[in-house]
Amino acid sequence: MLWLRSLIYYLAMALFSAAIGGIYGLIYGMATAIGLLSLSVLYHLINLGRLHRWVENSRVDNVPSGILLWQEVFDRVYNQVRLQSKIKERLTNTLDRFTNASEALPDGVVILDEHDRIEWCNRSAAAHMAINRVSDVWQVISNIVRHPSLREYLRSQDFAHPLVLHTHRPQEQVLSVQLVPFDSSRKLLLSRDITQLDRVQTVHRDFVANVSHELRTPLTVVGGFIETMIDMPDTDANVRRQHLQLMYDQTQRMQRLVDDLLTLSRLESGQQMREEEVDVPQLIRLLAAEAEGLSQGRHIVSIGQLDSIRLIGNHDELHSAFSNLVSNAIRYTPNEGKITLTWDLIDEHGVFSVQDSGIGISPEHVPRLTERFYRVDRGRSRSTGGTGLGLAIVKHIIQRHQAQLVVQSQAGTGSQFAVKFPPQRVIK
């Protein structure tokens, strides 16, 4: 110790004085040693006080300085403090990076203790499970997410497979959650929003079911007639002709369905659209002629307002979308009904519309009209040759042209389907 080394040093001085000067030298040496020792003790006490004050309010940049042994002490303290400061800074930076990374994750992360109480969670987990990151800390997770399957999942301790939760807080969504133990007492509860994936899977299942259903009827009809013709080879010629006509109609129906499915698949694949200048007035005149041929004189087809403006778009896709709207108007308009095609410039937007005097559509059906295979009247749609994919094709085409489909209709009063194109696609 510093004081012990100083004491030995001063006693040695006193003994040396005594050896030289006798009793008086001893007395003088002792007095001098005591005086010097007192000064040394005072010096050490002062430095201890300085060290104590620094410890109370320590900063790397204000470590005290001294002389002799105390300078060595302060230098070592300074080095240790600087080393600890660097270690603390590295740990803080590592913790901050981990926290920032966890906060940025789209998946939820909740740290649970051995009693399934919440220790910490990131923003995604708080959003997924409606967790308050302040007041819900140290609350049992099953008291926050009140779902029987989650409670059973926690109780079973079988975490090999994720659990799918259908929640309604804060909004309706589907979550995939999985527990992952990471030390002797804590667990990670990971959550992922799979709402969109679940919807896609539902749409896929419905799509396969609808396609199967749509193909089953014509295949059954064709197969039945073929079986009849095999079992009865001597069938009357007129009956055989009727059977062949029905078989042909059903195969045409299947062909239209396959063509629409291929068109829809191509549109949904996101392929680059080839753009060109489209002469819309000429296209509408062509549509009117096609409508008259499809109607076969049963309806009054006319062209209303026909502005001379053109569009930047794909001619074939626009022809497909517009003809779907026109053919729907013919299918759902009784004989002697009126169908009017217009092309006009309204507030810098190019607007194509089809107005009919048909049976109309109830308001509750309008939002779902562009869903694949959605039909207001299934029996009537099949009897008129519809595949249930026409408006779905229209939706994808107008989306590729940044346009908007506006439907105005009331049951029994006819319908108007209008496609509104943005100004940047209009050529005046």
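Owing to the predicted nature of the structure, the values given are computational and were not obtained by experimental measurement.

A. Region of the structure containing the overall build of the protein chain. Assigned secondary structure in the protein chain consists of 11 helices and 13 strands. In the protein chain, which comprises 428 residues, the share counted as buried stands at 36%. Pairs at least 24 residues apart make up 58% of the contacts formed inside the protein chain by residues separated by at least 6 positions. Of the accessible surface of the protein chain, which amounts to about 25500 Å², a share of 56% is contributed by carbon and sulfur atoms.

B. Summary view of the packing of aromatic side chains. For the structure on display, the rule yields four aromatic pairs. When the centroid spacing of 6.3 Å and the interplanar angle of 80 degrees are considered together, the rings of Phe322 and Phe421 count as edge-to-face. One end of the pair, Phe322, is in helix H9 (residues 315-331); the other, Phe421, is in strand E12 (residues 415-421), with 99 residues separating them in the sequence. You can call Phe421 buried: its relative accessible area is 1%. With centroids separated by 6.2 Å and ring planes inclined at 75 degrees, the aromatic side chains of Trp343 and Phe421 adopt a geometry described as edge-to-face. Of the two residues, Trp343 is situated in strand E9 (residues 338-346) and Phe421 in strand E12; the sequence distance between them amounts to 78 residues. With respect to class, Trp343 is no different from Phe421; both count as buried.

C. Summary view of the environment of Tyr248. Mapping Tyr248 onto the fold places it in helix H7 (residues 237-268). Judged by relative accessible area, which is 47%, Tyr248 ranks as partly exposed. Separated by 26 residues in the primary sequence, Tyr248 and Val222 place their C-alpha atoms 8.4 Å from one another.

D. Examining the nonpolar core more closely. Core analysis: the biggest nonpolar cluster contains 42 residues, and Phe322 and Phe352 have the highest contact counts within it. Listing elements by their share of this core, those giving two or more residues are H7, helix H8 (280-295), H9, E9, strand E10 (349-356), helix H11 (390-400) and E12. Top element by residues in this core is H9. It accounts for seven residues. Two domains each put at least three residues into this core: domain 3 (199-269) and domain 4 (276-427). What Phe322 contacts, discounting residues up to four positions off in sequence, is Leu283, Leu287, Phe352, Val419 and Phe421. Formed by 21 residues, the second largest nonpolar core is a distinct cluster that contains Val110, Ile144, Leu165 and Leu189.

E. Here's a closer look at the sheet that holds E9. The strand order across the open sheet built from five strands is E7-E9-E10-E12-E11, with neighbouring strands paired in mixed fashion. With one partner strand each, in any of the chains shown, strand E7 (300-306) and strand E11 (404-409) form the two edges of the open sheet. Neighbour-to-neighbour, the strand axes of the sheet open up by a mean angle of 15 degrees, direction not taken into account. The pairing of E11 with E12 spans six bridges and is classified as antiparallel. By the bridge assignment, Gln408 is partnered in E12 with Gln416.

F. The arrangement of unusual backbone geometry in detail. With phi around 70 degrees, Glu336 is a residue other than glycine that occupies positive phi space. Checked against the element boundaries, Glu336 lands in the loop between H9 and E9. The backbone of Gln402 shows a phi angle near 55 degrees, a positive value even though the residue is not glycine. Tracing the backbone through its elements, the reader meets Gln402 in the loop between H11 and E11. Judged by its relative accessible area of 45%, Gln402 is partly exposed.

G. Local environment of the pairing of E9. Across five bridges, E7 lies against E9 in parallel orientation. Across the sheet, Ser302 pairs through a bridge with Thr340, a residue of E9. The antiparallel hairpin formed by E9 and E10 contains two residues in its connecting segment, where Asp347 sits at a positive phi of about 55 degrees.

H. Seen up close, the environment of Val351. Within the fold, Val351 resides in strand E10. For Val351, a relative accessible area of 13% corresponds to the buried category. Taking the C-alpha atoms as reference points, Val351 and Pro422, 71 residues apart in sequence, are found 9.1 Å from one another. Leave out the neighbours within four places in its chain, and Val351 touches Thr342, Trp343, Asp344, Ile346, Ala418, Val419 and Lys420.

I. Main features of the packing of H9 against H11. The geometry of H9 relative to H11 is characterised by a closest axis approach of 9 Å and an angle of 145 degrees between their N-to-C directions. Considering how the two elements wind past one another, H9 and H11 form a crossing that is left-handed. For the pair H9 and H11, the contacting residues are Glu317, Leu318, Ser320, Ala321, Asn324, Leu325 and Asn328 in the first and Gly390, Leu391, Ile393, Val394, Ile397 and Arg400 in the second. Considered class by class, the residues forming the contact of H9 with H11 number seven nonpolar, four polar and two charged.

About the criteria used
Residues numbered from 1 in each chain as written. Predicted model: local features only at pLDDT ≥ 70, side-chain atom pairs only at ≥ 80, totals over all residues. Heavy atoms only, no water. Helix = DSSP H or I, 4+ residues; strand = E, 2+ residues; numbered from the N terminus. Buried < 20%, exposed > 50% of the residue type's maximum accessible area, 1.4 Å probe, protein only. Contact = heavy atoms within 4.5 Å. Areas by Shrake-Rupley, 256 points an atom, 1.4 Å probe, with all protein chains shown as cover. Phe/Tyr/Trp six-rings, centres within 6.5 Å; stacked < 30°, edge-to-face > 60°. Core = buried A, V, L, I, M, F, W, Y, C linked by side-chain atoms within 4.5 Å. Domains from an automatic or database assignment. Pairing = 2+ DSSP bridges. Axes fitted to C-alpha atoms, helices over the stretch in contact; angles between N-to-C directions. Left-handed = near helix turned anticlockwise from the far one by under 90°. Nonpolar A, V, L, I, M, F, W, Y, C, P; charged D, E, K, R; others polar.

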